[in-house]
Amino acid sequence: MLGPPGAGKGTQAKIVAEKFDLAHISTGDIFRDNIKRKTELGKQVVAIVDAGGLVPDELTVALVKDRLQKDDCKNGAVLDGFPRTADQADALTELLAELGSEIAIVPYIKVRDSEVVERLSGRRTDKQTGKIYHLKYNPPPQGADLEHRKDDQEDTIRDRLEEYHNKTAPLIAYYEQKGLLQEIDGEEQIDVVSATVLRKVEATRA
Ligand code: ADP
Ligand code: ADP
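This structure is a prediction, so every number in the text was calculated from the model and none was measured. (Residues numbered from 1 in each chain as written. Chains lettered and ligands numbered in written order. Predicted model: local features only at pLDDT ≥ 70, side-chain atom pairs only at ≥ 80, totals over all residues. Heavy atoms only, no water.)

(A) Spotlight on the packing of helix α5 (residues 86-98) against helix α8 (residues 170-177). Here α5 crosses α8 at 30°, and the two axes come no closer than 10 Å. Contacts from Ala 86, Ala 89, Asp 90, Leu 92 and Thr 93 in α5 reach Leu 171, Tyr 174 and Tyr 175 in α8. When grouped by side-chain class, the residues that make up the contact of α5 with α8 number six nonpolar, one polar and one charged. (Axes fitted to C-alpha atoms, helices over the stretch in contact; angles between N-to-C directions. Helix = DSSP H or I, 4+ residues; strand = E, 2+ residues; numbered from the N terminus. Contact = heavy atoms within 4.5 Å. Nonpolar A, V, L, I, M, F, W, Y, C, P; charged D, E, K, R; others polar.)

This is the structure in structure tokens:
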């Protein structure tokens, strides 16, 4: 899943993973979990994640390499928030070749910067289930135990967008060239976006 922060990658990745029985791998979730548990990895990355920067490629790639070899990835995986740099993308191609696998599709969920701020300011995550809500666009149930991510504040959102445009957006052309990119209008409603994403993923499996 490619796209700016707040495009709906996590929301759509969960739907695709469930539908096709794939593992859902969110590097952001893995980093946040490690930060919460105060692991060695968590301590290494907390300042970077809180500031909206990118964790070094070497660390991130090693983590994904490990994760992709777990049992639940046998049937495939949806990568959400990885790769985010050209070096990560090259490393992923190599890694998948080693594992005898390859990328089937790169759904690029396109959303304007102005919409990103609106989306992330209103994003709330259920602390127990990890479900992603939006105060206005996808309201959480009454009584849910919600978290507002520290990096979802306007200043940090601006920094994350800058990182995205500088380091991640070049991957759009990179995957286009490989014939893997499928651009999707991420500004439609969640169910409209997921219908399109599911249809495009389905087409690669026929
Ligand atoms: P990402 O993983 O790309 O950062 P998320 O899936 O976490 O994005 O979505 C960011 C926020 O926008 C969440 O609050 C989510 O509920 C909301 N959202 C996701 N997709 C849509 C959509 N198509 N329309 C409106 N809001 C959306
Ligand atoms: P969003 O989709 O809202 O941008 P993520 O949950 O994917 O947020 O990522 C949160 C943070 O975790 C990023 O801002 C970055 O600090 C770190 N991170 C996640 N994935 C990567 C990656 N592939 N490379 C480097 N840093 C990452």
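Having seen the model, we can carry on.
(B) Just the nonpolar core, in detail. One finds Leu 2, Phe 31, Leu 68, Leu 92, Ile 172, Tyr 175 and Leu 181 to be the most contacted residues of the largest nonpolar core, which totals 30 residues. Where this core is concerned, the elements lending two or more residues are β1 (23-26), α3 (40-51), α4 (57-68), α5, β3 (106-110) and α8. In contact with Leu 92, other than residues within four places in its own chain, are Leu 68, Leu 79, Phe 82, Pro 83, Ile 103 and Tyr 175. The next biggest cluster of nonpolar side chains, apart from the first, holds 21 residues, and it includes Met 1, Ala 7, Ile 157 and Val 197. (Core = buried A, V, L, I, M, F, W, Y, C linked by side-chain atoms within 4.5 Å. Buried < 20%, exposed > 50% of the residue type's maximum accessible area, 1.4 Å probe, protein only.)

(C) Representation of the packing of aromatic side chains in the model. Inspection of every chain in the model, using the stated rule, returns one aromatic pair. Ring geometry for Tyr 174 against Tyr 175: centres 4.8 Å apart, planes inclined by 90°, an arrangement best described as edge-to-face. Taking relative accessible area as the criterion, Tyr 174 reaches 18% and is therefore assigned buried. Residue classification places Tyr 175 among the buried positions, given a relative accessible area of 2%. (Phe/Tyr/Trp six-rings, centres within 6.5 Å; stacked < 30°, edge-to-face > 60°.)

(D) Representation of the sheet that holds strand β4 (residues 123-126) within the structure. An order of β5-β4-β6 is seen for the three strands of this open sheet, with the pairing classed as antiparallel. Lying at the two open borders of the sheet, with one neighbouring strand each, are β5 (132-134) and β6 (146-147). Both β4 and β6 contribute to a ladder of two bridges, which runs antiparallel. In the strand pairing of β6, Thr 125 is matched with Glu 147. Taken strand by strand, helix α6 (residues 113-121) contacts β4 and β5, and its axis lies near 40° from that of β4. (Pairing = 2+ DSSP bridges.)

(E) Looking closely at the site of ligand 2. Around ligand 2, the surrounding shell holds 18 residues, and the nearest of these are Thr 27, Gly 53, Arg 84, Arg 123 and Arg 160. For ligand 2, the protein covers 96% of the area, taking 550 Å² as the surface of the free molecule. Of all the elements, helix α2 (residues 27-36) adds the most residues to the shell around ligand 2, at four residues. (Near = heavy atom within 4 Å. Areas by Shrake-Rupley, 256 points an atom, 1.4 Å probe, with all protein chains shown as cover.)

(F) Just the site of ligand 1, in detail. Around ligand 1 sit 19 residues, and of these Gly 6, Thr 11, Arg 123, Tyr 133 and Glu 188 come closest. Measuring from an oxygen atom of ligand 1, one finds a backbone N or O atom of Tyr 133 at 2.7 Å. In the model, a nitrogen atom of ligand 1 is placed 2.8 Å from a nitrogen or oxygen of the Glu 188 main chain. Across the complex, the protein chains shield 94% of the 560 Å² of accessible surface that ligand 1 would expose by itself. Taken together, the residues that form the shell around ligand 1 break down as eight nonpolar, seven polar and four charged. (Polar contact = N/O pair within 3.5 Å; in protein donor to acceptor, adjacent residues only side chain to side chain.)

These figures come from the coordinates and say nothing about function on their own.
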